[in-house]
Amino acid sequence: MSAESAEGKLLSYAPGSPTVLRILLGTQLRRLRTEKGISREDAGYSIRASHAKISRLELGQVSFKQRDVADLLTLYGVTDPAERQPLLDLAKQANAPGWWHKYTDVLPSWFEVYIGLEGAASSIRTYENQFVPGLLQTPDYARAVIKLAHERATRVEMDRRVAVRTTRQKRLESGLTLWAVIDEAVVRRMLGGRDTMRAQIAHLLEITGSRNITVQVMPFDRGGHAAAGGPFSILRFPERELPDVVYMEQLTSALYLDKPADSDHYMEVMDRLSIQAETPKETRRFLERLLSD
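Conventions used here
- Residues numbered from 1 in each chain as written.
- Predicted model: local features only at pLDDT ≥ 70, side-chain atom pairs only at ≥ 80, totals over all residues.
- Heavy atoms only, no water.
- Helix = DSSP H or I, 4+ residues; strand = E, 2+ residues; numbered from the N terminus.
- Salt bridge = Lys/Arg side-chain N within 4 Å of Asp/Glu carboxyl O.
- Expected span 1.5 Å × (residues − 1).
- Contact = heavy atoms within 4.5 Å.
- Buried < 20%, exposed > 50% of the residue type's maximum accessible area, 1.4 Å probe, protein only.
- Phe/Tyr/Trp six-rings, centres within 6.5 Å; stacked < 30°, edge-to-face > 60°.
- Lys NZ or Arg CZ within 6 Å of the ring centre and 35° of its normal.
- Axes fitted to C-alpha atoms, helices over the stretch in contact; angles between N-to-C directions.
- Parallel < 35°, antiparallel > 145°, perpendicular 65-115°, else oblique.
- Left-handed = near helix turned anticlockwise from the far one by under 90°.
- Nonpolar A, V, L, I, M, F, W, Y, C, P; charged D, E, K, R; others polar.
- Lys, Arg positive; Asp, Glu negative; His and termini not counted.
- Pairing = 2+ DSSP bridges.

Non-glycine residue R48 carries a positive phi angle of around 60°. With respect to the helices, strands and loops of the structure, R48 is situated in the loop between α3 (40–46) and α4 (51–58).

We now examine the pattern of salt bridges. This structure, assessed with the given rule, holds 15 salt bridges. A salt bridge links R30 to D258, with the nearest nitrogen and oxygen atoms 3.3 Å apart. Here D258 lies in the loop between β6 (254–257) and α12 (260–276) and R30 lies in helix α2 (residues 18–35), a separation of 228 residues in the sequence. The shortest N-O distance in the salt bridge between R125 and D271 comes to 2.8 Å. With R125 in strand β1 (residues 123–128) and D271 in helix α12, this residue pair connects regions lying 146 residues apart in the sequence. One salt-bridge network, held together by shared partners, links R48, K53, D68 and D71.

Take helix α11 (residues 194–207) next. Across its 14 residues, α11 extends 20 Å between first and last C-alpha, which sits within 8% of the 20 Å expected from 1.5 Å per residue. Structurally, α11 contributes buried residues whose contacts are with α8 (139–149), β2 (177–183), α10 (184–188), β3 (213–218) and α13 (280–292).

Quick look at the side chain of T138 now. By the secondary structure assignment, T138 is in the loop between β1 and α8. For T138, a relative accessible area of 12% gives the class buried. Not counting residues up to four positions away in its chain, the partners in contact with T138 are A199, Q200 and H203.

Take the packing of aromatic side chains next. How two aromatic rings sit relative to each other is given by the distance of their centres and the angle of their planes. Taken as a whole and judged by the stated rule, the model has eight aromatic pairs. Ring centres of F232 and Y266 lie 5.0 Å apart, and the angle between their planes is 65°; this geometry places the pair in the edge-to-face category. In this pair, F232 sits in strand β4 (residues 232–236) while Y266 sits in helix α12, placing the two residues 34 residues apart along the sequence. Like F232, the residue Y266 is buried in the burial classification. In this structure an aromatic cluster arises from ring pairing among W110, F111, Y114, Y247 and Y256. Over the ring of W179 we find R125; its NZ or CZ atom is 4.0 Å from the centre of that ring.

Here the focus is the packing of helix α5 (residues 66–75) against helix α6 (residues 81–94). Running from N to C, α5 and α6 cross one another at 150°; their axes reach a closest spacing of 9 Å. Between α5 and α6, the crossing angle belongs to the class labelled roughly antiparallel. Note that α5 runs across α6; the crossing there is right-handed. When α5 is examined against α6, the residues Q66, V69, A70, L73 and T74 are found in contact with a partner set consisting of R84, L87, L88, D89, A91 and K92. Of the residues in the contact of α5 with α6, the class split is six nonpolar, two polar and three charged.

So, on to the side chain of R84. Checked against the element boundaries, R84 lands in helix α6. Buried R84, no salt bridge; nearest opposite-charge side chain is D71, N-O distance 6.3 Å. R84 has contacts with A70, L73, T74, V78 and T79, leaving out every residue within four places of it along the chain.

Interaxial distance between α8 and helix α9 (residues 155–168) falls to 10 Å at its minimum, and their mutual angle equals 120°. The angle between α8 and α9 places the two elements in the oblique class. Here α8 runs over α9; the crossing is right-handed. Facing α8, whose interface residues are P139, A142, R143, V145, I146 and K147, α9 presents M158, D159, R161, V162, R165 and T166. Tallied by class, the residues present in the contact of α8 with α9 amount to six nonpolar, one polar and five charged.

This paragraph deals with the sheet that holds β1. Strand order in this open sheet of six strands is β3-β2-β1-β4-β5-β6, and the pairing throughout is mixed. Of all the strands in the sheet, just β3 and β6 have a single pairing partner and so form its edges. Direction aside, neighbouring strands of the sheet carry axes that sit 15° apart on average. Where β4 and strand β5 (residues 245–249) come together, three bridges link them in antiparallel fashion. Within β5, the residue paired with L235 across the bridge is V245.

Bear in mind that shape data such as this cannot, by itself, settle questions of function.
Structural data, given as structure tokens:
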């Protein structure tokens, strides 16, 4: 694909999420670099940065300086102003703050990246073995989960953290498809007390009536399974230029994998989990029994 034709497609996403714009720009810069056979180290040297900075730029994980984009385009042989300017304009648009910008006091930078991706995704498939997925949590349950990691948080801070989670859930009202496989431990672990858990399970029963939300429980009696290593999410985007992204959260950081070999492997694992778990219909019966108990 020529730089000119790729730029034309990139520009068509100008109104979208800043995170997606960064990924689209980063993808184009990576394509230009590899076509020229230039290493990340040499690219980093040209903008007075490390190869790790180039990697983060190409993954859309950090904001772009127009000067850096201009220097990289020169290095990659894109010298025609008519070809350069659209990408420079895109760099400017990609730096616009997202809705979560006003919550940066309670959000780590590595999670801001995920919120941007989540806001731009058309579908998310996720496996959880400890907590109800954030997009499906009630406010009281979310508060109980957040308190585990922020037990000294003030009421105001806690309210802001819960507000981020409930604001994220609005994506479910605007076309996002969510397919979650959750371990049985998730709905049996008592968080926030009996009333909170009953309300959370009732919420799962109610929300899974939506056409865009699927939940499956992985019962204890199924034994070991392919995702025994821990929770993960796979995000897919409507833009064909964007690769699937696998997200794995850790205590103080997160991993973002976008290579096809990685995302394909995790998608295979997710497919196996969906086969092993209770069907959506059986899951509803499971939750109804749990609620009645």
